[in-house]
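Given next are the chains, with one letter for each unit.
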Amino acid sequence: MADGEFRSGFVCFVGRPNTGKSTLTNALVGQKIAITSSRPQTTRHTIRGIVHREHTQLILVDTPGLHRPRTLLGQRLNDLVRDTYSEVDVITLCIPADEKIGPGDKWIVQQIKQMAPKTTLLGVVTKIDKVSRDQIGEQLLALSNLLGPECDVVPVSAVKGEQIEVLIEVIASKMPEGPAFYPDGELTDEPEETLMAELIREAALEGVRDELPHSLAVVIEEVLPYEQNEEMLDVHAILYVERPSQKSIVIGKGGARLKEVGTNARHQIEKILGTRIYLNLHVKVAKDWQRDPKQLGKLGF
């Protein structure tokens, strides 16, 4: 980029579940914002991370994964993705270095080209710390063939921080010239309550069997000054599940699991807010909320 010109714009990372999109967002922003869980389908909100550099500002939009919808919630998530694709300046497709490109990846590329033919497409090979140099080379070539010769492809390891600055430079070079959208120092424009809900949801999903991911919604009921210590916040959150059996999974034996969830979420929230909190968690059953438009609305979808 030429000296003196400032570039700014919006970028979203796409790819199959677990391709390292959220970890990459956090590595670029330098703070934990998008929820990173080892489970597919955990990102629900368009959480924006903001990357500040001397000559550029990149606003990262973390979309829910695009998938063939099976429920009303699935359909709403896909609509959200469609809207996002057409409004960003750059779409970055993430493919892990240690997995072959498959039909799911091809389907995503096809969808992007249909929905946002004018948006710049970029390829990223993630998790390069997991494979040999030869394998990285092969994957870069395969991704280049999938996207077409006009698309740049960058290898990165978000976990090790390798090539992160190179990726920022490449994305920045594709952005339009223009002023910064956000004041320096801001890392996300999500309301704090959304971030809190996401972090509680992540903690609740950690290490739980596969029956939970989509059936868990978290709503922050209220945030008050804590009565016994005014410098602390008193946060009340409700975790909604669809069935009583899921409720007992979240709570665990004698409440042990919920206690652990509370401790983990509290640490993460305190880091982001920079203040100590008292966290009140309650688990409620909202029967089949994913298929009920009224309940979806109430839970923020």
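Nothing here was measured: the structure is a model prediction, and the numbers come from that model.

Visitor: Would you explain the pattern of salt bridges in this entry?
Guide: Pairs can form between side chains of opposite charge once their charged atoms are near each other. The tally for this structure, following the rule as stated, stands at 6 salt bridges. Glu270 serves as the salt-bridge partner of Arg266, at 3.7 Å between the closest nitrogen and oxygen. Of this pair, Arg266 and Glu270 both sit in helix α8 (residues 256–273), 4 residues apart, which is roughly one turn of that helix. We classify Glu270 as buried; its relative accessible area is 18%. Among the ionic contacts, a cluster of salt bridges with common partners joins Arg16, Glu99 and Asp105.

Visitor: Help me out: how do you make sense of the environment of Ile128 in this one?
Guide: With respect to the helices and strands, Ile128 occurs in the loop between β5 (120–126) and α4 (133–147). With a relative accessible area of 9%, Ile128 lands in the buried category. Along the chain, Ile128 and Glu162 lie 34 residues apart, while their C-alpha atoms are 8.6 Å from each other. Apart from residues lying up to four places away in sequence, Ile128 is in contact with Ala97, Ile136, Pro155, Val156, Ser157 and Glu162.

Visitor: Mind showing me how you'd approach the packing of aromatic side chains here?
Guide: Working definition: an aromatic ring pair is given by the centre-to-centre distance plus the angle between the planes. Overall, the coordinates contain 2 aromatic pairs when judged by the stated rule. Between Phe10 and Phe181, the aromatic rings sit 5.0 Å apart at their centres with planes inclined by 65 degrees, giving edge-to-face as the arrangement. Of the two residues, Phe10 is situated in strand β1 (residues 7–14) and Phe181 in the loop between α5 (164–173) and α6 (192–205); the sequence distance between them amounts to 171 residues.

Visitor: Hey, could you run me through the confidence of the model for the chain in this one?
Guide: The predicted structure's coordinates, where accompanied by low pLDDT, should not be read in detail. With 82% of its residues at a pLDDT of 70 or more, the chain shows a mean pLDDT of 83. For the stretch residues 41–45, pLDDT sits under 50, and the model shows 28 contacts to residues farther than four places along the chain or on other chains.

Visitor: Honestly, the pairing of strand β8 (residues 229–241) in this entry has me stumped. Any pointers?
Guide: Consecutive side chains of a regular strand alternate in pointing toward one face of the sheet and then the other. Direction of pairing for strand β7 (residues 217–226) relative to β8: antiparallel, over a ladder of 9 bridges. Opposite Val223, over in β8, you have Val235 as the bridge partner. With antiparallel pairing between neighbouring strands as the criterion, β7 and β8 make up a hairpin whose turn holds 2 residues. Sheet topology places β8 next to strand β9 (residues 277–285); 9 bridges connect them, and they run parallel. The partner of Asp234 across the bridge, within β9, is Tyr278.

Visitor: Explain the nonpolar core here, please?
Guide: Generally speaking, soluble globular proteins have nonpolar side chains that are buried together. Judged by nonpolar contacts, the single largest core of 29 residues is most densely connected at Val14, Tyr85, Ile91, Leu93 and Leu143. Counting residues per element, the ones that place at least two in this core are β1, β3 (56–62), β4 (90–96), α3 (103–115), β5 and α4. In contact with Leu143, not counting residues within four places along its chain, are Leu93, Ile95, Ile101, Gly123, Val124, Val125 and Val153. Membership of the second largest hydrophobic core comes to 24 residues, among which are Ala197, Leu199, Val218 and Val250.

Visitor: Sorry if this is basic, but what is going on with the sheet that holds β9 here?
Guide: Pairing between the strands of a sheet is mediated by backbone hydrogen bonds and can be parallel or antiparallel. Sheet architecture is open: 3 strands sit in the order β7-β8-β9, paired in mixed fashion. The sheet is open, and its two borders are formed by β7 and β9, each paired with just one other strand. In this sheet, adjacent strand axes meet at a mean angle of 15 degrees when their direction is disregarded. With respect to the sheet, α8 is in contact with β8 and β9, its orientation differing from that of β9 by roughly 135 degrees.

Visitor: What's the story with unusual backbone geometry in this structure? I'm lost.
Guide: Peptide bonds are mostly trans, and most non-glycine residues show a negative phi. Its identity as a non-glycine residue notwithstanding, Lys127 has a phi of 60 degrees, on the positive side. By the secondary structure assignment, Lys127 is in the loop between β5 and α4. Residue classification places Lys127 among the partly exposed residues on the basis of a relative accessible area of 22%. One non-glycine residue, Gln163, adopts positive backbone phi at about 70 degrees. As for its placement among the helices and strands, Gln163 is situated in the loop between β6 (153–155) and α5. A relative accessible area of 32% places Gln163 in the partly exposed class.

Visitor: Any chance you could explain α8 here in plain terms?
Guide: An α-helix turns once every 3.6 residues. As a result, residues three or four positions apart point the same way. Helix length check: α8 (18 residues) gives 26 Å between terminal C-alpha atoms against 26 Å at 1.5 Å per residue, within 8%. Within α8 the residues assigned to the buried category are Arg257, Leu258, Val261, Gly262, Ala265, Ile269, Glu270 and Leu273. At the C-terminal side of α8, Gly274 shows a positive phi close to 70 degrees.

Definitions and limits used
Residues numbered from 1 in each chain as written. Predicted model: local features only at pLDDT ≥ 70, side-chain atom pairs only at ≥ 80, totals over all residues. Heavy atoms only, no water. Salt bridge = Lys/Arg side-chain N within 4 Å of Asp/Glu carboxyl O. Helix = DSSP H or I, 4+ residues; strand = E, 2+ residues; numbered from the N terminus. Buried < 20%, exposed > 50% of the residue type's maximum accessible area, 1.4 Å probe, protein only. Contact = heavy atoms within 4.5 Å. Phe/Tyr/Trp six-rings, centres within 6.5 Å; stacked < 30°, edge-to-face > 60°. pLDDT = per-residue confidence, 0-100. Pairing = 2+ DSSP bridges. Core = buried A, V, L, I, M, F, W, Y, C linked by side-chain atoms within 4.5 Å. Axes fitted to C-alpha atoms, helices over the stretch in contact; angles between N-to-C directions. Expected span 1.5 Å × (residues − 1).

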